[in-house]
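Overview (structure and organization)
So the chains spell out like this:
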Amino acid sequence: MAVDLPLPGAMESLDYAVPERLRPQVRLGTRVQVPVRARAVQGWVVAVHQGPPTRPLREVAVVLDSEPLLGPEELDLARWVAARYLAPLGQVLPLFLPPGQRPDRRRTVRERHLRAYRLAVSEEAARAALAELVRAPRQRQALEFLLEQESGPVPARELAARAGDGAARGLLERGLVEAVPLSLERNPYAGWRDPTPPPRLSPEQAQVLQEASRRLEGGGTILLHGVTGSGKTEVYLRLIETVLARGKQAILLVPEISLTPQAMRRFQGRFPGRVAMLHSGMSDGERYDQWWKVRRGEASVVVGARSAVFAPVRDLGLVVVDEEHASSYKQEETPRYHAREVAVERARRQGALCVLGSATPSLESFLAAEEGRLVRLQLRHRVDGRSLPRVRLVDLRQELKEGHQGLFSRALEQALASRLERDEQAILLLNRRGYQSFLLCRECGAVVECPHCQVTLTYHKVGHALRCHYCGTEQPVPERCPACGTGELSGLGLGTQQVEEELRRLFPAARVLRMDADTTTRKGAHDQILRRFEAGEGDVLVGTQMVAKGLDYPGVTLVGVIDADTSLRLPDFRGAELAFQLVTQVAGRSGRGVLPGEVVVQTYLPEHYSLQAAREHDYPSFFRRELVYRKRLGYPPLSHLLRLLVQAPAADAAEDEAGALARELKERRRGGAPYRVLGPAPAPLGRLKDLYRWHVLLVGPLEALLEAGRAVRERRPGRSCQVVEDMDPVSLL
Ligand SMILES: Nc1ncnc2c1ncn2[C@@H]1O[C@H](COP(=O)(O)OP(=O)(O)OP(=O)(O)O)[C@@H](O)[C@H]1O
Ligand SMILES: [Zn+2]
Ligand SMILES: [Zn+2]
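Residues numbered from 1 in each chain as written. Chains lettered and ligands numbered in written order. Predicted model: local features only at pLDDT ≥ 70, side-chain atom pairs only at ≥ 80, totals over all residues.

For the rest of this paragraph, the subject is the overall build of the protein. Assigned secondary structure in the protein consists of 21 helices and 29 strands. For the protein, buried positions account for 44% of its 733 residues. (Helix = DSSP H or I, 4+ residues; strand = E, 2+ residues; numbered from the N terminus. Buried ≥ 20, exposed ≤ 12 C-beta atoms within 10 Å, placed from the backbone.)

Below, the structure is given as structure tokens:
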């Protein structure tokens with residue numbers, strides 16, 4: 001039995017005896033209440049053994065479900081997730097349940113029901129009965145109305161409004177109608193349709209579709225590598241159609257931020273009434289209704305963010321992971337699963353096809369394709385013969401040298417001016433990750449790096465020092481840039497607000513829309529800004545990473561990247577990958593209509609291979625360069641990485657604990673375990689929510705890391721310390 005409480009020793013399942021009277025009700029997947037020490041706790045039945053217990057056991061107190069919500073397949077996948085991500089099973093199981101049913105809470109969400117009536121007899125019998133109702137005109141009226149409603153039950157309220165309160169009761173007594181509960185679906189997108197008919201496939205799309213369809217029977221994994229605007233989504237939609245035609249169901253995962261109103265209209269329009277949506281922008285009640293719609297088999301397509309990979313689909317034929325490289329597929333709290341990996345595993349177990357789609361595949365997926373572990377299909381061209389936008393890298397060092405210190409380079413300013421003149425739209429992206437935490441040479445653009453880890457050193461105001469957040473190396477801030485020997489080092493930091501102000505100063509007539517964490521706090525604000533932009537109510541959209549993905553606005557002919565190198569300076573070995581993805585994806589928003597697009601990328605590092613490759617739209621060359629670097633340091637995707645994050649309310653407690661942990665792990669390594677230990681080091685976010693954070697990183701093969709992780713779990717951490725295990729983290733902050 002799995003119990004969802006972080007009790008020491010309760011990480012795995014606990015055993016209980018089943019009293020005689022509960023025996024028929026205790027089944028796999030039902031929830032029960034059991035005593036744990038002095039408390040009553042909820043848990044799931046994950047295994048049932050026959051025969052008398054071999055040792056004295058406490059008894060199950062109450063069985064909470066009449067029907068198990070989890071089947072054996074779900075339990076098996078949950079076990080896999082728990083093992084792969086070092087999470088307690090009790091915290092994995094809730095992922096498979098509708099929201100509001102977490103075991104530690106009472107059922108907080110309920111289905112909403114209306115009382116409703118429908119015919120209890122055949123249509124013919126009902127018509128015949130009409131004749132008998134001459135003396136009961138109200139009842140006759142009500143019955144006629146019900147006969148008109150071929151689609152089913154009518155809410156009692158509506159019937160009463162038409163035929164008076166007593167009519168339904170009369171019909172009920174005659175046995176002509178029956179009362180049914182009508183579940184009210186809370187679906188915020190119910191009325192949304194995109195009426196545009198499906199386009200004719202391009203020859204490339206048709207070929208990819210054919211290849212993929214052929215694999216629907218046998219299952220397996222496909223990487224669909226298609227440039228931006230190549231019509232990947234259309235391929236997914238056609239594949240889903242095929243799956244539905246065969247009586248099976250499909251799941252389509254999209255990153256949270258690309259669940260735009262535009263995308264949702266497109267899906268609802270293609271499969272009217274058959275789509276269930278699941279994402280975090282919906283209320284618990286809305287998600288609850290959508291979950292049950294899937295579970296009852298009323299929806300055969302699930303579109304959702306990360307957690308939709310666990311949707312209660314019975315006969316899975318296809319799982320699509322769109323923008324499979326997106327880091328939002330990784331959950332950043334326990335259980336720290338990666339939805340792309342779960343999708344591949346779930347499809348494998350259910351014999352379904354899994355399609356991973358992206359213009360900028362993760363190194364993990366691309367390597368798997370290179371090694372033949374999955375099938376790669378390609379879309380090399382944009383639809384309708386449109387060309388990829390021309391990308392220009394503007395060297396900000398040169399701009400500075402020539403006396404231009406503004407936010408916008410001359411090239412960007414001119415490009416903006418010409419768009420405004422021609423009434424075309426522009427998007428400006430400001431990447432704020434890693435904001436102001438590094439020091440940059442204003443002359444050569446270099447950033448100070450750790451000599452051991454090849455990651456950017458982070459600047460700490462306190463102590464005016466530079467620190468490596470992987471290995472812990474610390475050094476004073478140099479007087480001059482160590483790379484060129486002359487440049488001054490300074491922190492660089494900007495906000496979207498400043499970009500907006502600068503735009504207004506340079507182009508007072510321009511209509512500017514801004515989208516960032518500040519302007520999108522209200523529910524629906526994100527959609528609203530995009531809709532206004534789509535409707536042409538803005539000339540320039542200024543935003544953070546939020547504007548980089550998935551948007552499809554034909555009016556946009558210019559994309560400007562204010563600071564392409566922010567990711568390159570992150571204290572993260574994935575920095576170059578992030579920079580390549582960001583520039584390629586945001587560039588992909590330009591020139592999607594009939595007018596050709598242009599992209600201006602401002603950078604201090606124009607010679608960096610990730611930016612060079614993005615300019616040439618050349619993923620393979622980026623991949624080859626990046627892999628060499630990953631190989632040299634043994635980083636993923638060539639190995640795995642386990643992060644052990646130690647948190648404690650006192651700084652020295654966290655540091656000491658991380659030290660002890662690293663020592664033990666190094667000791668194990670001497671005993672033959674094949675991994676490297678990096679650290680201990682303070683985490684880049686050294687203090688969060690009043691907790692001090694240190695981490696130790698292990699790099700090596702998956703099995704060895706899992707074994708080390710399990711050993712860490714057995715270990716009793718120091719007083720008031722907590723150790724969080726994160727397998728293959730996407731962020732090391
Ligand atoms: N065969 C086609 N003929 C004409 N238009 C098409 C065709 N297929 C797709 N489109 C349209 O082209 C646009 C881009 O398609 P889509 O959004 O599927 O591209 P994508 O590959 O997912 O792009 P991205 O990776 O940039 O999000 C959409 O507006 C879509 O409706
Ligand atoms: Zn320099
Ligand atoms: Zn280091």
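Looking now at the site of ligand 1. The environment of ligand 1 is made up of 19 residues, and the closest members are Pro-199, Thr-228, Gly-231, Lys-232 and Thr-233. Per-element tally for the shell around ligand 1: the top contributor is helix α8 (residues 232–245), with three residues. (Near = placed C-beta within 6 Å.)

Relative to the helices and strands, Pro-389 resides in the loop between β14 (375–379) and β15 (390–395). Sequence spacing of Pro-389 and Leu-119 is 270 residues, and the spatial spacing of their C-alpha atoms is 60 Å. The contact partners of Pro-389, leaving out residues within four places of it in the chain, are Ala-587, Ser-590, Gly-591, Gly-597, Glu-598 and Val-599. (Contact = placed C-beta atoms within 7 Å.)

Turning our eyes to something else, we now look at the nonpolar core. Ile-251, Leu-252, Leu-253, Val-302, Val-355 and Val-583 are the most contacted members of the largest nonpolar core, which totals 170 residues. When residues in this core are grouped by element, the largest group, eight residues, is from helix α17 (residues 575–587). In contact with Val-302, other than residues within four places in its own chain, are Ile-251, Leu-252, Ala-276, Leu-278, Val-294, Ala-308, Ala-311 and Val-313. (Core = buried A, V, L, I, M, F, W, Y, C linked by C-beta atoms within 7 Å.)

Our next topic: α8. An ideal rise of 1.5 Å per residue puts 20 Å on 14 residues; α8 measures up with 20 Å between its terminal C-alpha atoms. Within the span of α8, buried status applies to Lys-232, Thr-233, Glu-234, Val-235, Tyr-236, Leu-237, Leu-239, Ile-240 and Val-243. Among the residues trailing α8, Gly-247 stands out with phi positive, at a value near 80°. (Expected span 1.5 Å × (residues − 1).)

In the UniProt entry, the feature "binding site: Zn(2+) 2" (unreviewed entry) is given for Cys-450, Cys-453, Cys-468 and Cys-471. Examined against the element boundaries, Cys-450 turns out to sit in the loop between β17 (439–441) and β18 (458–460). The class of Cys-450 is buried, set by 22 C-beta atoms lying within 10 Å. Take Cys-471: there are 17 C-beta atoms within 10 Å of it, and that puts it in the partly exposed class. (UniProt positions renumbered as here; feature names shortened; annotations may be inferred.)

On to the sheet that holds strand β27 (residues 676–688). Taking strand neighbours across the sheet as the criterion, the four strands line up as β27-β28-β26-β29 in an open arrangement whose pairing is antiparallel. With one partner strand each, in any of the chains shown, β27 and β29 (722–727) form the two edges of the open sheet. Within the sheet, the average angular offset between the axes of one strand and its neighbour, ignoring direction, is 20°. Pairing geometry for β27 and strand β28 (residues 691–700), over seven bridges, is antiparallel. Bridge assignment links Leu-688 to a residue of β28, and that residue is Leu-691. Sheet contacts for helix α20 (residues 651–670): β26 (640–648), β27, β28 and β29; angle to β28, the most-contacted strand, approximately 15°. On top of the sheet, helix α21 (residues 702–714) reaches β26, β28 and β29; it is set at about 20° to β26, its chief contact. (Pairing = 2+ DSSP bridges. Axes fitted to C-alpha atoms, helices over the stretch in contact; angles between N-to-C directions.)

The strand order β10-β11-β9-β12-β13-β8-β14 describes an open sheet built from seven strands, whose pairing is parallel. For this open sheet the edge positions go to β10 (275–278) and β14, each flanked by a neighbour on one side alone. When strand polarity is set aside, the average angle formed by the axes of neighbouring strands in this sheet is 20°.

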